[in-house]
Amino acid sequence: MTPGSPPTGNDGRPPLLVTRHLPEAVEARAARDYDARLNPQDVVHDGAALARLARGCPGILVTTSERLDAAAIAALPDEVRIVATYSVGVDHIDLGAASARGLVVTNTPDVLTDATADAAMLLILGAARRAGEGERLVRAGQWKSWTPTLLLGVQVTGKRLCILGMGRIGQAVARRARGFDMEVHYSTRRRLPPEQEQGATWHADPEEMLPLADFLSINCPLTAETRGWLDGRRIALMPDGAVVVNTARGPIVDDDALIAALRSGKLAAAGLDVFTNEPDLDPRYLDLPNAFLQPHLGSATVETRNAMGFRALDNLDAFFAGREPPDRVA
Ligand code: DGY
C-alpha cells in the first residue's frame, strides 16, 4: 500500500491507537498531532483487544509486548494501514503477513544503540563481578566484614569478548569493550569494513569463535536461523568459566542448556536482559545466583525511550504526509 491521505478524526487529525503508556513527551506529541487513543492504565492487549481498539484507526503504534502474528494481523480492521513499532526488533510482527495485507510497518533503529550497548556492558560487569549477589547480600544485612574471599568474580579487563551479530549495537558494545582492553572477536555473515571492524577479528563461522569466548555477547536479531542458537553443543565449545550475556532476544538461547551450564559451573555466569516468554521467564533462573537478571531494560533511559517514540512518530508523520516512512521494514 502506498502512503496517502488517511481517514481523519473529527478535527482532521488521523486517529492513532497507541497500545501502551509511553513517556510523557512522546504521548504529548502524539496527542498534539493525532487523534491519539492512549492507554494511561498501560493495559497489555491481546490480538482480539487490539483488533477492537484499532477500529477507526489508520495508524497503530505498538511495542514488543504486542504479538502481531498472522492471525492478529488478519483480525485488524481494514482501515489500519500502518503499524509503527516502538522498537528496533520486529520479531513480534509477522512481516510477511503484514506485507501480504498491504500494511506498512516501521521500526526505530539507531536511537537505542547506545543505551542497549551500555546495558550489555552492565550485564558483562554485573554477571562477571557478581553484582546481583553482592547487592542482595548487603540488603539482607548479611555483610559481616571485608573478606579476602568474598564473592570473587571473573576479571573483565583484558579478556576476549566474542560478539554474535555485529550490527549497530554489536559495534557499540565492541567500542565500549575496548575501553576495558578486551580483545574483540565477532561473527556476522559478511565481514565489516576496517573502519567499522576497528581491529576486531571476524569469524565467518560463529562456532569457530566460541572456543575463544571468555565472554559471549549476543547482539543479533531473532530469526528462524538464530532461534535456539546457543544450545548445549555450542556452550560445550566455550571455555570453562565463560560468561554469556544477552541483550538481544531470549529465544536465541536454549534455556535448558544455559541453565544446565550455569548449574554445573561450565559457565561462570550469565547476564540476561531478555527471556523467552517475557515476563514469564523460566523460573529456574530465579534460583541461580550466577544469573544476573534484568527485566528487558536495554533501551530504558529517558533519552532513548523519548527518541524511540519520536522516531516512531516521525515514521507515522511521513506516512500520513504521503511520503515513504524512513524506517519502513514492510
Ligand atoms: C527493541 O527495541 O527491540 C527492544 O528490545 C525494546 O527496547
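What counts and how
- Residues numbered from 1 in each chain as written.
- Predicted model: local features only at pLDDT ≥ 70, side-chain atom pairs only at ≥ 80, totals over all residues.
- Heavy atoms only, no water.
- Phe/Tyr/Trp six-rings, centres within 6.5 Å; stacked < 30°, edge-to-face > 60°.
- Buried < 20%, exposed > 50% of the residue type's maximum accessible area, 1.4 Å probe, protein only.
- Helix = DSSP H or I, 4+ residues; strand = E, 2+ residues; numbered from the N terminus.
- Contact = heavy atoms within 4.5 Å.
- Near = heavy atom within 4 Å.
- Polar contact = N/O pair within 3.5 Å; in protein donor to acceptor, adjacent residues only side chain to side chain.
- Areas by Shrake-Rupley, 256 points an atom, 1.4 Å probe, with all protein chains shown as cover.
- Pairing = 2+ DSSP bridges.
- Axes fitted to C-alpha atoms, helices over the stretch in contact; angles between N-to-C directions.
- Salt bridge = Lys/Arg side-chain N within 4 Å of Asp/Glu carboxyl O.
- Patch = residues over 30% accessible without salt bridge, like charges linked within 9 Å, V, L, I, M, F, W, Y side chains within 5 Å.
- Disulfide = S-S within 2.5 Å.
- Domains from an automatic or database assignment.
- Buried area = accessible area lost by both parts, 1.4 Å probe.

### Side note on the packing of aromatic side chains
Counting across every chain of the model gives 3 aromatic pairs. Arranged with centres 5.1 Å apart and planes meeting at 80°, the rings of phenylalanine 319 and phenylalanine 320 form a pair that is edge-to-face. In this pair, the class of phenylalanine 319 matches that of phenylalanine 320, namely buried. An aromatic cluster is built from Tyr34, Phe319 and Phe320, whose rings are joined through pairwise contacts.

### Structural notes on the environment of arginine 263
Tracing the chain through its elements places arginine 263 in helix 11 (residues 255-264). Among the residues examined, arginine 263 registers a relative accessible area of 55% and is labelled exposed. Along the backbone, arginine 263 and leucine 288 are 25 residues apart, and their C-alpha atoms lie at a distance of 7.3 Å. The contacts of arginine 263, once residues within four sequence positions are left out, are Arg284 and Leu288.

### Some words on the site of the ligand
Taken together, Ser87, Val88, Gly89, Leu112, Arg249, His296 and Ser299 make up the full set of residues near the ligand. Within the backbone of valine 88, an N or O atom sits 2.7 Å from an oxygen atom of the ligand. Between the ligand and histidine 296 there is a distance of 2.7 Å, counted from an oxygen atom to a side-chain nitrogen or oxygen. Relative to its unbound accessible area of 230 Å², the ligand is 88% covered by the protein chains.

### Here we look at the environment of serine 264
Looking at where serine 264 falls in the secondary structure, it is placed in helix 11. Given the relative accessible area of 55%, serine 264 is considered exposed. There is a polar contact of 3.1 Å between the side chain of serine 264 and the backbone nitrogen of lysine 266.

### Thoughts on the sheet that holds strand 4 (residues 82-85)
Spatially, 2-1-3-4-5 is the arrangement adopted by the 5 strands of the open sheet, whose pairing is parallel. Edge strands, defined here as strands with exactly one partner in the open sheet, are strand 2 (35-37) and strand 5 (104-106). For this sheet the average axis-to-axis angle between neighbouring strands, irrespective of direction, equals 20°. Summarising the sheet, strand 4 and strand 5 pair through 3 bridges and their orientation is parallel. Its bridge partner being in strand 5, valine 83 is matched across the sheet by valine 105. Each of strand 1 (15-18), strand 3 (59-62), strand 4 and strand 5 is contacted by helix 12 (residues 302-320), which is oriented at about 160° to strand 4, the strand it contacts most.

### Observations concerning the pattern of salt bridges
Close approach of charged atoms allows side chains with opposite charge to pair. Enumeration according to the criterion identifies 22 salt bridges in this entry. With its nearest N and O atoms 3.2 Å apart, the salt bridge here joins arginine 311 to aspartate 110. Within this pair, whereas arginine 311 is found in helix 12, its partner aspartate 110 is found in the loop between strand 5 and helix 5 (113-128), the two being separated by 201 residues in sequence. Aspartate 110 gets classed as partly exposed once you look at its relative accessible area, which sits at 37%. By sharing partners, the salt bridges in this structure join Asp110, Arg168, Arg311 and Asp327 into a single network.

### Remarks on the sheet that holds strand 12 (residues 291-293)
Here we have 7 strands laid out as an open sheet, ordered 8-7-6-9-10-11-12, and parallel in their pairing. Of all the strands in the sheet, just strand 8 (201-202) and strand 12 have a single pairing partner and so form its edges. Sheet analysis places strand 6 (residues 160-164) next to strand 9 (residues 215-218), joined by 4 bridges and oriented parallel. Each residue of the ladder has a partner; that of leucine 161, found in strand 9, is phenylalanine 215.

### Here we look at a nonpolar patch on the surface
A cluster of nonpolar residues, Val138, Trp143 and Leu150, forms a patch on the protein surface that exposes about 300 Å² of accessible area. Tracing the sequence through the fold places tryptophan 143 in the loop between helix 6 (131-139) and strand 6.

### With respect to the state of the cysteines
The final tally for this structure, using the stated rule, is 0 disulfides. A disulfide-free cysteine, cysteine 220 has its sulfur positioned 13 Å from the sulfur of cysteine 162, the nearest such atom. Look at cysteine 220 and you get buried, because its relative accessible area is 9%.

### Here we look at the domain arrangement of the protein
Domain parsing of the protein yields domain 1 (15-111 + 302-320) and domain 2 (113-293). A straight line from the C-alpha centre of domain 1 to that of domain 2 covers 31 Å. Between domain 1 and domain 2, the residue contacts involve 8 residues of the former and 5 residues of the latter. Taken together, the two surfaces of domain 1 and domain 2 that pack against each other cover about 540 Å², and 44% of this comes from carbon and sulfur. Of all residues in domain 1, the largest losses of buried area upon contact with domain 2 belong to Asp91, Asp110 and Thr304, amounting jointly to 65% of the total for that side.

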